[in-house]
Amino acid sequence: MKKSLRIVAALAAVGVVGGLAFAFVPTQITGPSTQLPDDWKPAEGQGKYAMYASDCMACHTAEGGKSFAGGRAIASPMGTIWSTNITPDPETGIGNWTLDQFRAALQDGIRADGAHLYPAMPYENYRKLTEEDVRALYDYFMHEVEPVQNKVEETKLSFPFNMRFGIRAWNWLALTHEAGFTSATGKTEIEERGQYLVEGPAHCAACHSPRNALMAQDGVSASDANFLAGGVVGGWNAPSLRGPNSAPQKWDVADMAAYLATGRNIHSTANGEMGLVVQHSLQHLTDQDNLAIAAFLKGLDGAPADLPESFAAKESLAMPALDADEAGKETEKMLTEAAPDMALGPRLYLDNCAACHFVSGKGAPEIFPELAGNHLVTGSEVEPLISVILNGAQVPSTAKRPMHLVMQGYADRMNDDDVAELASFLRKGWGNDAAVVTAADVAKVREKQVH
């Protein structure tokens, strides 16, 4: 018995020592993926461009706040995470950070003080940044961004997520890929550029790849089976970007590039988180880079990526409404006939929606999106569709498409039963095949948004 107790005590002591070592032994940080000369300097505008490509402003700027001064609330399954001040203010920002510390935050998720960042910071993806972009970003934030003294609210998650040292174990499992970018074989030069932007700075997989049981991205690189296979972010579907029914496969490269650069094309409009990505990031990229992203996504499953000479031309264009496709003919006919015994869902659609989205469900090109085959309409998560019906939506103004598009909300016009009937019709009409929405679903969204 005494021998058994001694063994248990010894094992407990080893566990305590191991735990202390795990918590307090300094972590190893990633060095440069390539060696650059000590006197290397980024080209003029290179750092600012890398910032736009990396979409830094959207997360690190609070609504109504100063650029990059932090304080934006980021919802996560663990609780609210407050984005940090990344201006060069020496007291509340990153003004005292060295290049090595800056790189460690980007690629290892480790702050200058050695604490682990929560993976709301997409360092899983930023590990793929080239050393040139890392140094260009550092130069930009240190020398071109205005210092702002702004002490942001401290992130306070509940136990055990408040134990930041535990993220080290998460990193061992999530950061299995080496730092730096490796091109997939068989890609053209423009597809290779698109791959870099998608995998690295644009961190598309942070939303569009699923998450595993540990909440790590299940697909960070093009070679991963579930890369860009679709995810859920804050109750919104981030649709799959591969497979026969995905937008990159149904649209041509010009349509995809137009969506990225302007937040709209003849099929769809960007809202929610994707609207912010277009507003703060993608619209600032060159036409060549948006074409590169579109070409890479098109070719991801082996489809030919035929490049257009241009896209989203600025001249005024007359775009006729599209006819319903074969799957939508029956719904189009029913709405056109408008029989007296028409069900409530389609009746509500005719009264409130048909003037913009038309009986064909095809919408107005580059203004009002298609509802037939629309992933927001048919997604597994019903909150986005309900939210749009209740509160409306908007598409940001961009350089190529300066018109700010706004859809009104119907929260005061429709009760929960009405919204459920309308949403269910949308999810079943024009060949759509998604589950119905209930009044209880609507009530949850309405109650959630009141608070």
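Please read all numbers here as calculations on a predicted model, not as lab measurements.

**Focus on the overall build of the protein chain**
Here is step 1 of the chain: A tally of helices and strands in the protein chain yields 20 helices and six strands.
Here is step 2 of the chain: Computed over its C-alpha atoms, the radius of gyration of the protein chain comes to 25 Å, within 12% of the 22 Å expected for a compact globule of 451 residues.
Here is step 3 of the chain: Taken along the three principal axes of its C-alpha coordinates, the protein chain extends 85 × 65 × 45 Å.
Here is step 4 of the chain: Put simply, the protein chain has 451 residues, and 47% of those count as buried.
Here is step 5 of the chain: Once local pairs closer than 6 in sequence are excluded, the contacts in the protein chain between residues at least 24 apart make up 63%.
Here is step 6 of the chain: For the protein chain, the exposed area adds up to about 22,600 Å²; of that, 56% sits on carbon and sulfur atoms.

**Considering the UniProt feature "domain: Cytochrome c" (unreviewed entry) in the protein chain**
Here is step 1 of the chain: Within this structure's numbering, the places UniProt gives as "domain: Cytochrome c" (unreviewed entry) are residues 40-145, 189-301 and 340-430.
Here is step 2 of the chain: Helix makes up 45% of residues 189-301 and strand 5%, with an end-to-end C-alpha separation of 17 Å.
Here is step 3 of the chain: Along residues 340-430 one finds 43% helix and 7% strand; the C-alpha atoms at either end are 20 Å apart.

**Quick word on the packing of helix H11 (residues 253-262) against helix H13 (residues 287-299)**
Here is step 1 of the chain: Here H11 crosses H13 at 130 degrees, and the two axes come no closer than 8 Å. With respect to their mutual orientation, H11 and H13 come out oblique. Crossing of H11 against H13: the hand is right-handed. Contact with H11, carried on its side by Val253, Met256, Ala257, Leu260 and Ala261, involves Asn290, Leu291, Ile293, Ala294, Ala295, Leu297 and Lys298 of H13 and no other residues of that element.

**What about the packing of aromatic side chains?**
Here is step 1 of the chain: One pass over the full model with this rule turns up eleven aromatic pairs.
Here is step 2 of the chain: Between tyrosine 123 and tryptophan 170, the aromatic rings sit 6.4 Å apart at their centres with planes inclined by 80 degrees, giving edge-to-face as the arrangement. Here the residue tyrosine 123 occupies a position in helix H5 (residues 123-126), and tryptophan 170 occupies one in helix H7 (residues 167-174), the gap between them amounting to 47 residues. Considered together, tyrosine 123 and tryptophan 170 belong to a single accessibility category, that of buried residues.

**Considering the environment of glutamine 149**
Here is step 1 of the chain: As for its placement among the helices and strands, glutamine 149 is situated in the loop between helix H6 (131-143) and H7.
Here is step 2 of the chain: On a C-alpha basis, the gap between glutamine 149 and glycine 93 in space is 7.2 Å, while along the polypeptide they are 56 residues apart.
Here is step 3 of the chain: Once residues within four sequence positions are removed from consideration, glutamine 149 is found in contact with Asp89, Glu91 and Thr92.
Here is step 4 of the chain: At a separation of 2.6 Å, a polar atom in the side chain of glutamine 149 contacts the side chain of glutamate 91.

**Remarks on the pattern of salt bridges**
Here is step 1 of the chain: Applying the stated criterion across every chain, the model contains 16 salt bridges.
Here is step 2 of the chain: Note that glutamate 337 is salt-bridged to lysine 333, the shortest N-O span being 2.7 Å. One end of the pair, glutamate 337, and the other, lysine 333, are both in helix H14 (residues 329-337), four residues apart, so they sit about a helical turn from each other. Each of the two residues, glutamate 337 as well as lysine 333, counts as exposed.
Here is step 3 of the chain: Lysine 428 serves as the salt-bridge partner of aspartate 433, at 3.7 Å between the closest nitrogen and oxygen.
Here is step 4 of the chain: With a relative accessible area of 68%, aspartate 433 lands in the exposed category.
Here is step 5 of the chain: Taken together, the salt bridges that share partners define one network made up of Asp100, Arg103 and Glu131.

**A short note on unusual backbone geometry**
Here is step 1 of the chain: The phi dihedral of phenylalanine 68 is positive, around 70 degrees, even though this residue is not glycine.
Here is step 2 of the chain: Phenylalanine 68 sits in the buried class, given a relative accessible area of 3%.
Here is step 3 of the chain: The backbone of histidine 203 sits at a positive phi, close to 40 degrees, despite the residue not being glycine.
Here is step 4 of the chain: With respect to the helices and strands, the residue histidine 203 is situated in the loop between helix H8 (189-199) and helix H9 (205-208).
Here is step 5 of the chain: Note on histidine 203: relative accessible area 14%, which makes it buried.

**As for the packing of helix H15 (residues 344-352) against helix H19 (residues 416-428)**
Here is step 1 of the chain: The N-to-C vectors of H15 and H19 enclose an angle of 90 degrees; their axes lie 8 Å apart at closest approach. In terms of axis orientation, H15 runs roughly perpendicular to H19. Judged by residue contacts, Leu344, Gly345, Pro346, Leu348 and Tyr349 of H15 engage Asp418, Glu421, Leu422, Phe425 and Leu426 from H19.
Here is step 2 of the chain: Counted by class, the contact of H15 with H19 contains seven nonpolar, one polar and two charged residues.

**Re the pairing of strand S2 (residues 79-82)**
Here is step 1 of the chain: In this structure, strand S1 (residues 73-76) lies alongside S2, joined through four bridges in antiparallel fashion. Bridged to alanine 75 within S2 is threonine 80.
Here is step 2 of the chain: Here S1 folds back onto S2, and the loop between the two strands holds two residues.

**Quick word on the nonpolar core**
Here is step 1 of the chain: In terms of nonpolar packing, the biggest core is built from 34 residues, with Val198, Phe227, Leu228, Ile293, Phe296, Leu297 and Phe311 touching the most fellow members.
Here is step 2 of the chain: Counting residues per element, the ones that place at least two in this core are H8, H11 and H13.
Here is step 3 of the chain: Once you skip the residues sitting within four places of it in the chain, valine 198 turns out to touch His203, Cys204, Phe227, Leu228, Ile293, Phe296 and Leu297.
Here is step 4 of the chain: If you look at the next biggest cluster of nonpolar residues, it comprises 33 residues, including Ile94, Trp97, Tyr140 and Tyr196.

Each value, and the rule that gives it
Residues numbered from 1 in each chain as written. Predicted model: local features only at pLDDT ≥ 70, side-chain atom pairs only at ≥ 80, totals over all residues. Heavy atoms only, no water. Helix = DSSP H or I, 4+ residues; strand = E, 2+ residues; numbered from the N terminus. Rg over C-alpha atoms; globule rule 2.2 N^0.38 Å. Buried < 20%, exposed > 50% of the residue type's maximum accessible area, 1.4 Å probe, protein only. Contact = heavy atoms within 4.5 Å. Areas by Shrake-Rupley, 256 points an atom, 1.4 Å probe, with all protein chains shown as cover. UniProt positions renumbered as here; feature names shortened; annotations may be inferred. Axes fitted to C-alpha atoms, helices over the stretch in contact; angles between N-to-C directions. Parallel < 35°, antiparallel > 145°, perpendicular 65-115°, else oblique. Left-handed = near helix turned anticlockwise from the far one by under 90°. Phe/Tyr/Trp six-rings, centres within 6.5 Å; stacked < 30°, edge-to-face > 60°. Polar contact = N/O pair within 3.5 Å; in protein donor to acceptor, adjacent residues only side chain to side chain. Salt bridge = Lys/Arg side-chain N within 4 Å of Asp/Glu carboxyl O. Nonpolar A, V, L, I, M, F, W, Y, C, P; charged D, E, K, R; others polar. Pairing = 2+ DSSP bridges. Core = buried A, V, L, I, M, F, W, Y, C linked by side-chain atoms within 4.5 Å.

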